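# Coordinates in review
Given next are the chains, with one letter for each unit.
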Amino acid sequence: MAAARDPGAGRRYSGMDAAERTRARRAAILGSALELFGTTGFAATSVKQICVAAGLTERYFYESFRDRHAVLAGVYGEIVAELRLSTQVAIDAADGDIGTAAHDGLAAFVGYLTADPRRARIVLIEVVGVSPEIEELRHGVLRAFADLIASVWSADHGVDSADERSRLTAIALSGAVNNLLVDWMMTGTRQSPEVLVEVCTTLFLAALEGLKR
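Remember, it's a predicted structure, so these values are computed and weren't measured experimentally.

What follows concerns the side chain of Thr201. Along the chain, the position of Thr201 falls in helix α9 (residues 193–212). Residue Thr201 is classed as buried on the basis of its relative accessible area, which comes to 9%. If we skip the residues at most four places from it in the chain, Thr201 touches Ala102, His103 and Leu106.

Bringing the environment of Phe42 into the picture now. Structurally, Phe42 is set in the loop between α1 (18–37) and α2 (47–54). On the basis of relative accessible area, Phe42 is assigned to the buried category, the value being 6%. Put simply, Phe42 and His69 are 27 residues apart on the chain and 8.9 Å apart in space, counted from C-alpha to C-alpha. Sequence-distant contacts of Phe42, that is, excluding residues within four places in its chain, are made with Phe37, Arg68, His69, Leu72, Glu126 and Val130.

Further remarks concern the nonpolar core. The biggest cluster of nonpolar side chains holds 59 residues, and the ones touching the most others in it are Val71, Leu113 and Trp153. Two domains each put at least three residues into this core: domain 1 (18–65) and domain 2 (72–212).

Further remarks concern the packing of aromatic side chains. With the rule as written, the count across this model stands at five aromatic pairs. Pairing Phe61 with Phe65 gives two aromatic rings, centres 5.9 Å apart and planes at 45°, and the pair type is tilted. By the burial criterion, Phe61 is buried, and Phe65 matches it. Ring plane angle 40° and centroid distance 5.5 Å describe the contact between Trp153 and Phe204, whose orientation is recorded as tilted.

This part covers the confidence of the model for the chain. Summarising the model, the chain shows a mean pLDDT of 90, and 90% of its residues fall at 70 or more. Within the model, pLDDT remains below 50 along residues 1–9, and this stretch shows four contacts once partners closer than five positions in the same chain are excluded.

Reading the values: rules and limits
- The numbering scheme is per chain: residues are counted from 1 as the chain's sequence reads.
- Local features in a predicted model are, by the rule used here, given only for residues with pLDDT of at least 70; side-chain atom pairs are given and counted only at 80 or more, and totals for whole chains, interfaces and linings are based on all residues.
- No hydrogens and no water enter the side-chain calculation; it runs on all heavy atoms of the structure.
- Helix and strand labels come from DSSP, where a helix needs a run of H or I of at least four residues and a strand needs a run of E of at least two; each type is numbered from the N terminus.
- Summary of the burial criterion: residues with accessible area below 20% of their type's maximum are buried, those above 50% are exposed, and those between are partly exposed, where the area comes from a 1.4 Å probe applied to protein chains only.
- Contacts are assigned to residue pairs that have any heavy atoms within 4.5 Å of one another.
- By nonpolar core is meant a set of buried Ala, Val, Leu, Ile, Met, Phe, Trp, Tyr and Cys residues that side-chain atoms within 4.5 Å join together.
- An automatic or database domain assignment is the source of the domain bounds shown.
- Ring geometry is summarised as follows: Phe, Tyr and Trp rings, the Trp one being its six-membered ring, pair when their centres sit within 6.5 Å, and such pairs are stacked at plane angles under 30 degrees, edge-to-face over 60 and tilted between the two.
- The predictor rates its confidence in each residue with pLDDT, a number between 0 and 100.

Here you go:
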């Protein structure tokens, strides 16, 4: 027997077909989740609140997401992808100059998060300890940024990114930058992003010199 076909699947409404409408609804849910998770917090936000903010019924929520955890993972994933791209572009533009790559890469990283406290809150606070699945995702992100640090060090700067000492130092620095930004948030964002970048750059270059020795 042929599978039942959605009679509206091929129709266009407001210039969009069914797949485009699904993507638009998903984007609306993610936008609402960014606002709510980034202001009132994940624990205080319900599926219903997300749907109301998005102007959608709960039926459309479950069209794209299993539950609130899946939405959190989705929002987190989008922020991290943009954060990684912004950082990588700044590093690449340094054209191999280690001091510029360190400063500008960190400025892009810190600047992307501090420019929108909602992003910072989700990345630094709201994803912590939510579930084993989200923790695995979060630690994977920290490891990925540690790998990025190690790759900058190893680009003709005399440091083997596969070396255990280099790898562990990169992990430590990734955690240090993360914790510095957590402190920035928890103490009321008192320090300027420029000061945070200066501190992180100093740590990065000092660690590189230590590894060279």
